Amino acid sequence: MNKHHVLRVFIVKNTHSFALVVPSFIHSCFARSFCWKLRSANPDGAAVFAHPTGNGWVYVSNSEVKKGGGGVGAIQFDANGDVIDYKMILTNTSLNCSGGRTPWNTWVSCEENKEDGQIWETHPFGAKVPRKTVLGGSGGNYEAMATDNRDPMNPQFFVTNDREDGEVRRFTPSSAVVHDAINGTADYWSILSTPGILEYLVLNPSEDSTGINTFSWTTDLKTGKKSASKYFPYCEGIDFLDGTLYFVSKTLKEIFILDLDGGTYRKDRTKTKKFTGQPDGINFLGDNGLLYLTEEDYVPGVYGRDLNGNMFTILEGRMHGREPSGLAFSPDNLHMYVAFLTGGILFDITREDGLPFDGKTLNIRHHAT
């Protein structure tokens, strides 16, 4: 493997959130990168949003800091991938862990802050004032959100709660509000801030020879918490893809895979041919079947795995902090972004051959225990 030593410096307008760029070392034969040292502490869950004009994009990143020091920052890039601005789009919140994007291109940020934890909706370009959603209810250690938008008239939102009895929530918004938003008589911004139907996951493991595990949803929070404590404690990452809901229990080191239409589920250990070590985020690629993942147990960094099980290294973080986070791609898939939470480092990785990574993030991250 070749080593590429790249040094770039950026001046960001009207902000003190970036320090002088330090060299980055890439252990890969096909990629190079540059990075920023972030002064804003503990970057965590993130996503990329294209600018409405098509001229560039923004990388939004949570800040997992206590006592009102957290929030969400937004790094704006031009069409060439150069940084042109940085600003906070959510402030005065605490321990903003991960989150999720909505179908109408806003960023939902989850506070992992016990009884004070709430879930906020933010506009990636700061066009709207952040709003507390109804997803968080009376508070919790909220981790991440996923959306099933196969039927735009009936979207559903799923949230994990990182506690021993942390329930998995399903929110179905008011059909009237969704209808009005789609038809242009109301704002999409109202969908997650208007009361709807809030339900909690209940797993029913097979007790017969069929081996078929089923699940259901209940409006009783205590029942949901009892099921979580028994079968899926301390849930973190969650995501939806092709009719399937994925979420992770960090203490059990298991991935739960729910067929939302069939009402059945299965589970896999994280240390399998699909998930090696402690993945903090994974990225499935297109037709070539490649998989990108972040690793925090062995050597923190970003790794790739092909269909034959061959592993390759993109970035290793031996000197940049323990926990990789915020794996995301630019709209043209030419840039891969990954941060290091404990070191405050954000990397921008591109391929030397100029080809895209062609990936989409599946946010089933979890922390080492």
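Before going into details, it helps to say that this report is about the structure given with it.

The next thing to look at is the sheet that holds strand E4 (residues 43-50). Hydrogen bonds along the backbone pair up the strands of a sheet, which may run parallel or antiparallel. Sheet architecture is open: four strands sit in the order E4-E5-E6-E7, paired in antiparallel fashion. Two strands bound the open sheet, and with one partner strand each, they are E4 and strand E7 (83-90). Across this sheet, the average inter-strand angle for adjacent strands is 20°, counted without regard to direction.

Moving on, we come to the pattern of salt bridges. Within the structure shown, the criterion is met by 11 salt bridges. A salt bridge links Glu167 to Lys225; its shortest N-O distance comes to 2.9 Å. Here Glu167, found in the loop between strand E13 (156-161) and strand E14 (169-172), pairs with Lys225, found in helix H2 (residues 221-231); they are 58 residues apart in sequence, far enough to count as distant. Glu167 gets classed as buried once you look at its relative accessible area, which sits at 0%. For Lys225, a relative accessible area of 22% puts it in the partly exposed group. Through salt bridges that share partners, Asp165, Glu167, Arg169 and Lys225 make up one connected network.

Here the focus is the pairing of strand E6 (residues 71-77). Along E6, seven of the seven residues are buried, which leaves the element largely enclosed by surrounding structure. Side chains Gly71, Gly73, Ile75 and Phe77 project from E6 onto one buried face, and the interleaved Val72, Ala74 and Gln76 project onto a second face that is buried too. Here E6 folds back onto E7, and the loop between the two strands holds five residues, one of which, Gly81, carries a positive phi near 85°.

For Leu258, the location among the structural elements is in strand E19 (residues 254-259). Once the C-alpha coordinates of Leu258 and Phe247 are considered, the two residues, 11 residues apart in sequence, prove to be 8.7 Å apart. Leu258 has contacts with Leu201, Phe215, Gly243, Thr244, Leu245, Phe247, Thr264 and Tyr265, leaving out every residue within four places of it along the chain.

Thresholds, definitions, all that
- Residues numbered from 1 in each chain as written.
- Predicted model: local features only at pLDDT ≥ 70, side-chain atom pairs only at ≥ 80, totals over all residues.
- Heavy atoms only, no water.
- Pairing = 2+ DSSP bridges.
- Helix = DSSP H or I, 4+ residues; strand = E, 2+ residues; numbered from the N terminus.
- Axes fitted to C-alpha atoms, helices over the stretch in contact; angles between N-to-C directions.
- Salt bridge = Lys/Arg side-chain N within 4 Å of Asp/Glu carboxyl O.
- Buried < 20%, exposed > 50% of the residue type's maximum accessible area, 1.4 Å probe, protein only.
- Contact = heavy atoms within 4.5 Å.

On their own, these measurements won't tell you what the molecule is for.
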